[in-house]
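# Close look at the chain arrangement
The residues making up each chain are set out below.
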Amino acid sequence: RAAATSQVASITTAHISSEVPLAFAIMSSVAPSRAILRVAAAAPLYPFMGGQHAARRAFSSKNYQVKRVRYPWKTELMHDSWKFLKQEMVNHFQLMPARDSTVNIHAIEWPRFMMKEEILDKGLMPSVIKRYGPPRRVAFNKEELEKVAFDEEQGHLSHLFKGRLFRIHVGEWIEECVVLDCSVHPVERLLEFVSFQRHVPGKMTAVPVPVTLSGLWGCPGYRSGGHVEIAMPTIRVECVGERIPPPFLVDISRLRLESPYGRILLKDIEKLLPSDGTARFARDYKLDEDVVMCYDPKSIPEVPLPGDWRDPNFKKRGGGYYHLTYTGFWPRQV
């Protein structure tokens, strides 16, 4: 037994010095006896922790609670610290730069004697700039412009694409424009053509500015089971200043579920317009129109469509409607 004990002691010493697992050292030696197993069981699991730390793990600390002393000075300091923290947060957000949706983008002049299809094949986006001056034909990097147009991963054309200011750099001149119209694939995220119009300070430009919600998780109506819906995804704004207003950030943290529905009116977000008076809502709007609604879907009864209702998606440009099943072959179904 003395020889076996000395052998385990040497194995344990070698294990601590070389950081080789103890079980591997014992198995690689001679067949262990009962004394060897008893000494190995008494050795700590982790040599660097020691026997005291290893033995302490066997006891549960479930019922062990730390008694903390609530000092009066500490309680008063914690109570008054919120005022200073809130003021620091207010100062932080006041010093942040103003929200601006302006995009700076580079373009080249439309290559001469090239058709639109040829420009698209080269990975460029054909465009034209109109109004307040001679028309200019330019070409953008197609991939760069599509990143601005399709800013959501699973979405199609963004509302912000037509509601922001573009500062186009072409050679030595800069054009400040807004999107007038664009040709987009109906399904794929592909642009085919973009038409811009110049924005001149002092001249009125009508722009559809999108609406964004904030405070949805704290909205009382939403937490009560109501459905929050944006009645006006975009609001037409008439601008005469140097900048286009950023998207309207509407706070709905106080919107409640009322009967028949809770709502935020256009006059409630009039304060979000620029304070310098360089922008206003379109003149055909009424200030009592709904911008955001909160209602219970179960409280709205289903109303059948009138008999003469026609789906506007099947309307032809020249008049009339596309037939749902008739494709030009006889007999025609009614």
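Rules and cut-offs
- Residues numbered from 1 in each chain as written.
- Predicted model: local features only at pLDDT ≥ 70, side-chain atom pairs only at ≥ 80, totals over all residues.
- Heavy atoms only, no water.
- Helix = DSSP H or I, 4+ residues; strand = E, 2+ residues; numbered from the N terminus.
- Contact = heavy atoms within 4.5 Å.
- Buried < 20%, exposed > 50% of the residue type's maximum accessible area, 1.4 Å probe, protein only.
- Polar contact = N/O pair within 3.5 Å; in protein donor to acceptor, adjacent residues only side chain to side chain.
- Phe/Tyr/Trp six-rings, centres within 6.5 Å; stacked < 30°, edge-to-face > 60°.
- Core = buried A, V, L, I, M, F, W, Y, C linked by side-chain atoms within 4.5 Å.
- Arc of directions from axis to C-beta.

Our focus in this paragraph is the environment of L145. Structurally, the position occupied by L145 is in helix 7 (residues 142-149). Sequence separation between L145 and L191 is 46 residues, and the spatial gap between their C-alpha atoms is 8.6 Å. Not counting the four nearest positions on each side in its chain, L145 is found in contact with I105, M125, F140, F161, F166, L191 and V194.

Here we take up the side chain of D290. In this structure, D290 sits in strand 13 (residues 290-295). On the basis of relative accessibility, which here comes to 16%, the residue D290 falls in the buried class. A polar side-chain atom of D290 sits 2.8 Å from a polar atom in the side chain of Y261. Separated by 3.1 Å, the side chains of D290 and R263 make a polar contact. Not counting chain neighbours up to four residues away, the residues in contact with D290 comprise A231, M232, Y261, R263, I264 and L265.

This part takes up the packing of aromatic side chains. For the structure on display, the rule yields six aromatic pairs. Plain terms: the ring middles of F140 and F196 are 5.6 Å apart, the flat faces sit at 50° to each other, and that makes the pair tilted. On the criterion of sequence distance, the pair formed by F140 in strand 3 (residues 136-141) and F196 in strand 6 (residues 191-198) is long-range, its members being 56 residues apart. The burial state of F140 is the same as that of F196; both residues are buried. Ring geometry for F166 versus F196: centroids 5.6 Å apart, planes at 70°, classification edge-to-face.

That bond from S259 to P260 is cis: its omega, 0°, falls within 30 degrees of zero. The residue P260 is located in the loop between strand 10 (248-251) and strand 11 (262-265) in this model. Positive phi is not limited to glycine here, since R131 has a value of about 70°. Inspection of the secondary structure puts R131 in the loop between strand 2 (124-130) and strand 3. A positive phi angle, close to 55°, is found at Y132, a residue other than glycine. Its location among the elements puts Y132 in the loop between strand 2 and strand 3.

Right, let's talk about the nonpolar core for a bit. Counting 27 residues, the largest nonpolar core has I235 and F281 as its most contacted members. Secondary-structure elements contributing two or more residues to this core are strand 7 (205-214), strand 9 (234-239), strand 10, strand 12 (279-281) and strand 13. Ignoring any residue separated from it by four or fewer positions in sequence, one finds I235 in contact with V207, P208, V209, V211, F248, L266, I269, F281, Y285 and V291. Judged by nonpolar contacts, the second largest core, of 21 residues, contains A107, M125, I129 and V148.

The next thing to look at is helix 7. Within helix 7, burial applies to K142, L145, E146, V148 and A149. Projected down its long axis, helix 7 carries its buried residues within an arc of 155°, all on one side. Among the exposed residues of helix 7, those oriented more than 90 degrees off its buried face are E143 and K147. Along its buried surface, helix 7 packs onto strand 1 (103-109), helix 6 (116-121), strand 2, strand 3, strand 4 (166-170) and strand 6. Where helix 7 begins, the capping side chain belongs to N141, and its oxygen is found 3.2 Å from the backbone nitrogen of E143.

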